[in-house]
Amino acid sequence: MIKSFIIRCAAIMALTLSPLAYADNSTVIRIGGFYANTDSTIDVNDPILGNEFTLDFESDLKLEESQFLPFFEFSHHFNDRHTLYVDWKQLHRNALVQSVEKPFQFTWDETTYDIKSGISLDSTLNIDIMRVGYGYDIWQGHNYDVGVSVGLHAMFIKTAFKGDIGICDVTTETRCPDTVEIPKVVDEKLSAPLPDVGIYGSYEFYPGFKLNGHAQYFYIKLDDIKGGLVDVRMGVEAAISENWHMTAAFNYYEVDVEYTSTISAADIKIADYNIYYSFIGPMLSVSYQF
């Protein structure tokens, strides 16, 4: 995911190097994590019957359904009411199936690949989500603030299969009886920057203890991708020292993405993604403010 790494670094550098020289500047770096429940499928073809069916990454290809999901947040508060932020979440999974039970075919970039039953198949599905945005405090008091946020959102999806994979021309043979084997197939998709909106707030109910929360939402339907995200968090932040803080929160997080792939000549849908993962439960994070 070299492209995603470059974009993340560029976003963080842009925020860090912005000329925001105000006396009340504050910068917060937060690192934490929680467990995600994932359901991922891809629509493929049956090479024997010739019909389309849904292949499940978790039950058919043995990717983990629940996994630790780390996240990173960077925010810079300036000029009393303004905040710039960037956050990043990832879900990377890999699994090896010793013997494929269901043979299938899928098409990427107008090339059809053939997975035969009985082969050993190494599968990878990586999802990275990054947001960059701006927040404005609408209401402020001695021990509280409430604001709204707007931002841009990008998704990075990488799928890879490694094994004795056959390759054939879908325009000449549907079942591909004669194939040329290749060791690995990789497909990387990047969504266009997409808008998201939200609200946030905090309330200091006791010196050194804050009740804080946010809610963010976006929905997209653009060309061959559609989906949405809901992120609601409510928690308590405690000051460990002057600069270090710890937060325990309850988080509802849901991402649902559908990505449609077609062969332009015949308009045949062969490799549609349907990726869903969610989390409802506690999360922990540590932050440093300077």
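What counts, and at which threshold
Residues numbered from 1 in each chain as written. Predicted model: local features only at pLDDT ≥ 70, side-chain atom pairs only at ≥ 80, totals over all residues. Heavy atoms only, no water. Helix = DSSP H or I, 4+ residues; strand = E, 2+ residues; numbered from the N terminus. Buried < 20%, exposed > 50% of the residue type's maximum accessible area, 1.4 Å probe, protein only. Contact = heavy atoms within 4.5 Å. Areas by Shrake-Rupley, 256 points an atom, 1.4 Å probe, with all protein chains shown as cover. Pairing = 2+ DSSP bridges. Phe/Tyr/Trp six-rings, centres within 6.5 Å; stacked < 30°, edge-to-face > 60°. Salt bridge = Lys/Arg side-chain N within 4 Å of Asp/Glu carboxyl O. 1 Å grid on protein atoms, 1.4 Å probe; cavity = no way out; pocket = protein on both sides within 12 Å on 5 of 7 lines; lining within 4 Å. Points joined across faces, edges and corners; volume = space filled by probe spheres on them. Core = buried A, V, L, I, M, F, W, Y, C linked by side-chain atoms within 4.5 Å.

J.: An account of the overall build of the chain is requested, with residue identities and associated values reported.
T.: In terms of regular secondary structure, the chain is built from one helix and 16 strands. Counting across all 290 residues of the chain, residues that qualify as buried make up 48%. In the chain, 67% of the contacts between residues at least 6 apart in sequence involve partners at least 24 apart. A total of about 14,800 Å² of accessible surface is found on the chain, and carbon and sulfur atoms cover 58% of it.

J.: Which residues make up the pairing of strand β2 (residues 52–56), and what values go with them?
T.: Bridging between strand β1 (residues 26–45) and β2 involves five bridges; their strand directions are antiparallel. Counted as the bridge partner of Ile 42 is Leu 55 from β2. Hairpin connection, β1 to β2: the antiparallel pair is bridged by six residues, and Gly 50 has positive phi, about 80°.

J.: Let's hear about the packing of aromatic side chains: which residues, and what values?
T.: Enumeration over the complete set of coordinates arrives at 11 aromatic pairs. Seen in terms of ring centroids, Phe 34 and Phe 71 are 6.3 Å apart; in terms of plane orientation they differ by 35°. Their pairing is tilted. On the criterion of sequence distance, the pair formed by Phe 34 in strand β1 and Phe 71 in strand β3 (residues 66–78) is long-range, its members being 37 residues apart. For the pair shown, Phe 34 and Phe 71 are each scored as buried. Centroid distance Phe 104 to Phe 161: 6.2 Å. Interplanar angle 65°. Geometry classified as edge-to-face. Separated by 57 residues along the polypeptide, Phe 104 in strand β5 (residues 104–108) and Phe 161 in strand β8 (residues 144–168) bring together distant segments of the chain. Residues Phe 104 and Phe 161 agree in their burial class; the two are buried. Through successive ring pairs, a cluster of aromatic residues spans Phe 57, Phe 104, Phe 106, Tyr 113 and Phe 161.

J.: Which residues make up the pattern of salt bridges, and what are the values?
T.: Think of it this way: side chains of opposite charge can pair up when their charged atoms draw near. Under the criterion given, the structure shown has nine salt bridges. The salt bridge involving Glu 58 is made with Arg 93; its shortest N-O contact spans 2.7 Å. Taken as a pair, Glu 58 in the loop between β2 and β3 and Arg 93 in strand β4 (residues 82–97) lie far apart in primary sequence, 35 residues in all. Of the residues examined, Glu 58 reaches a relative accessible area of 6% and is grouped as buried. With relative accessibility at 3%, the residue Arg 93 sits in the buried group. Each of Arg 30, Glu 73, Arg 233 and Glu 237 takes part in a single network of salt bridges with overlapping partners.

J.: Lay out the layout of surface pockets with the relevant residues and their values.
T.: Gaps left between atoms show up when a probe the size of a water molecule is rolled over them. Considered as a void within the structure, the largest pocket measures approximately 1,300 Å³ in volume. Lining the largest pocket are 44 residues, with Arg 30, Ser 75, Asp 145, Tyr 200 and Ser 202 positioned closest to its centre. Considering each element in turn, the lining of the largest pocket owes the most residues, six residues, to strand β11 (residues 209–222).

J.: So, the nonpolar core: which residues are in play, and what are the values?
T.: In this structure, Phe 104, Phe 106, Ile 115, Leu 121 and Phe 161 are the most contacted members of the largest nonpolar core, which totals 39 residues. Discounting residues that sit within four places of it in the chain, Leu 121 has contacts with Leu 61, Ala 95, Leu 96, Val 97, Val 100, Phe 104, Ile 115, Phe 161, Lys 162 and Ile 165. Within the second largest apolar cluster, five residues are counted, among which are Phe 74, Val 86, Met 130 and Phe 156.

J.: Describe in detail unusual backbone geometry, supporting the description with residues and values.
T.: In the Ramachandran plot, Asn 79 falls in the positive-phi region, its phi being about 50° despite a non-glycine side chain. Position of Asn 79 relative to the elements: it lies in the loop between β3 and β4. Classification of Asn 79 as partly exposed rests on a relative accessible area of 35%. At Asp 80, a residue that is not glycine, the phi angle is positive and equals roughly 75°. Turning to its location among the elements, Asp 80 is positioned in the loop between β3 and β4.

J.: Go over the pairing of strand β7 (residues 121–140), please, and point to the residues and values.
T.: For β4 and β7, the ladder comprises 16 bridges, and the chain directions are antiparallel. Each residue of the ladder has a partner; that of Gln 90, found in β7, is Asp 128. Alignment of β7 against β8, held across 19 bridges, turns out to be antiparallel. Note that in β8 the partner of Gly 133 across the bridge is Gly 151. Connecting the antiparallel pair β7 and β8 is a turn made up of three residues.

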